[in-house]
Amino acid sequence: MRNKGVSEEELFSFLIARKQEDKDHQHILSSMCTLPHPVAIRAHSLFMETNLGDPGLFPGTASLEQLLIRRLGTLFHHPGACGYATTGGTESNIQALRIAKATSDISSPNVVIPESAHFSFKKACDMTGLEMRGVPLDNNFRADPDLFLEAIDSNTCCMVGIAGTTEYGMVDPIRDLAALARDHGIFFHVDAAFGGMVLPFLDGAPEFDFAIPGVQSIAVDPHKMGMSTIPAGCLLLRNEKDLCSLSVDTPYLTVKQEFTLSGTRPGGSVAGALAVLEYLGYEGMAAVVRGCMGNTRRLIEGMESFGIPRVVTPDVNVATFKAVTIPDPWQVSFTRNGHLRIICMPHVHAGMIEAFLQDIGEHYAETVDSFS
Ligand code: 0PR
């Protein structure tokens, strides 16, 4: 490091210059994160120094985490759900698989997941030593319960369903998968990292939560559609004993046991996540989600009017299209099948969709033949 420090002015002009190299949210269509809500930023700054890894020192902050879990449990039809705030979907999924393994007595256990599962399950299997069995999807990019039935066996300790897939925004048939898991005594985890903050606010949305018997745990990320600051995920469990299966002794802390993966844990983003829910309430969140879904539909309609067909009609605000090249400076992504993927997050407002469609229209104006 430097022998002598720099002045604050020099330091911040350096930091600001680096920040200016980052992409502008005005053109980011590829991200499942968004600009944090102003109340999340304010709440985060208020709790900047708090550490939920030693909750006895920060009982007020710890009570916010419990309230966040209670709010989400209630939203997911199980007010008594237990859980904790993770760093995001990856940690929640890792912990769910650790729980499934810890609560089973199978010697060579496997986990059966849809092929649409986020790559965090690869990490989770690597860390837990679980054999990962990927199951092909149906024609609508959803998990196929019949193929799940073929894939499970007496060594299966866990099944996973996705509520809002990363690439195509689909919700798996959670009730059917949960029934299958229940019939075979298998732990069933729902990855609702993205959809968990969308589906409860949509009329007629597919079911995915604790209202379904057999759903044992749910991952949901406030730092995605919850508009919190990063990092903010949550893992919710139907039964407290499952979470306690991960407890380790922490002799010199203010609590004597912990079940979390991280030790030191941020209170700031937890306060941020709760702040958004409290400030917007159900109606405010529903308005944001309605806006994002409306923009998704408008994007699909606009793209199809240029002859660029959707791949599938999504259950949440992730739109996918036949692959086309995209003009600068738009930031888009492509699925593993090569489909163009656009996520209509809260920062992607209606004006941005129109500007994008206009650019696409101009970009293809001269090549209409090859394009359609
Ligand atoms: N489960 C699902 C269904 C997800 O979509 C994701 C992340 C995860 C779990 C893992 O969550 P964390 O990344 O919070 O651990 N989905 C996004 C993705 O991989 C994450 C993301 C967000 C990537 C913003 C890029 C980005 O700019 O696409």
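Just so it is clear, the structure is predicted and the values come from calculations on it, not from any experiment. (Residues numbered from 1 in each chain as written. Predicted model: local features only at pLDDT ≥ 70, side-chain atom pairs only at ≥ 80, totals over all residues. Heavy atoms only, no water.)

Undergrad: Can you help me understand the overall build of the chain in this one?
TA: Looking only at helices and strands, the chain has 11 helices and 12 strands in total. Since a compact globule built from 372 residues should have a radius of gyration of about 21 Å, the 22 Å found for the chain is in line with a globular shape. With respect to the three principal axes, the spread of C-alpha positions in the chain is 70 × 65 × 45 Å. A burial count over the chain gives 52% of its 372 residues as buried. Split by element, the accessible area of the chain, about 17,100 Å² in all, is 53% carbon and sulfur. (Helix = DSSP H or I, 4+ residues; strand = E, 2+ residues; numbered from the N terminus. Rg over C-alpha atoms; globule rule 2.2 N^0.38 Å. Buried < 20%, exposed > 50% of the residue type's maximum accessible area, 1.4 Å probe, protein only. Areas by Shrake-Rupley, 256 points an atom, 1.4 Å probe, with all protein chains shown as cover.)

Undergrad: Sorry if this is basic, but what is going on with the site of the ligand here?
TA: The full set close to the ligand counts 17 residues, and Thr90, Thr166, Asp191, His223 and Lys224 are the nearest of them. For the ligand, an oxygen atom lies 2.8 Å from a polar atom in the side chain of His223. Taking Lys224, its side chain carries an N or O atom lying 2.9 Å from an oxygen atom of the ligand. Burial of the ligand by the protein amounts to 76% of the accessible area it has alone, namely 590 Å². Considering every element that reaches the shell around the ligand, the biggest residue donor is helix H4 (residues 89–102), with 3 residues. (Near = heavy atom within 4 Å. Polar contact = N/O pair within 3.5 Å; in protein donor to acceptor, adjacent residues only side chain to side chain.)

Undergrad: Is there a simple way to think about the sheet that holds strand S12 (residues 340–343) in this case?
TA: Hydrogen bonds between backbone groups are what pair the strands of a sheet, and the pairing can be parallel or antiparallel. Taken in spatial order, the 3 strands make up an open sheet running S10-S12-S11, and their pairing is antiparallel. Because the sheet does not close on itself, it has two edges, and the strands there are strand S10 (318–321) and strand S11 (333–334). Alignment of S11 against S12, held across 2 bridges, turns out to be antiparallel. Within S12, the residue paired with Ser333 across the bridge is Arg341. Its contacts with the sheet place helix H9 (residues 268–305) against S10 and S12, and it is angled at close to 10 degrees to S10. (Pairing = 2+ DSSP bridges. Contact = heavy atoms within 4.5 Å. Axes fitted to C-alpha atoms, helices over the stretch in contact; angles between N-to-C directions.)

In short, the description is geometric, and any link to function would need to be established separately.
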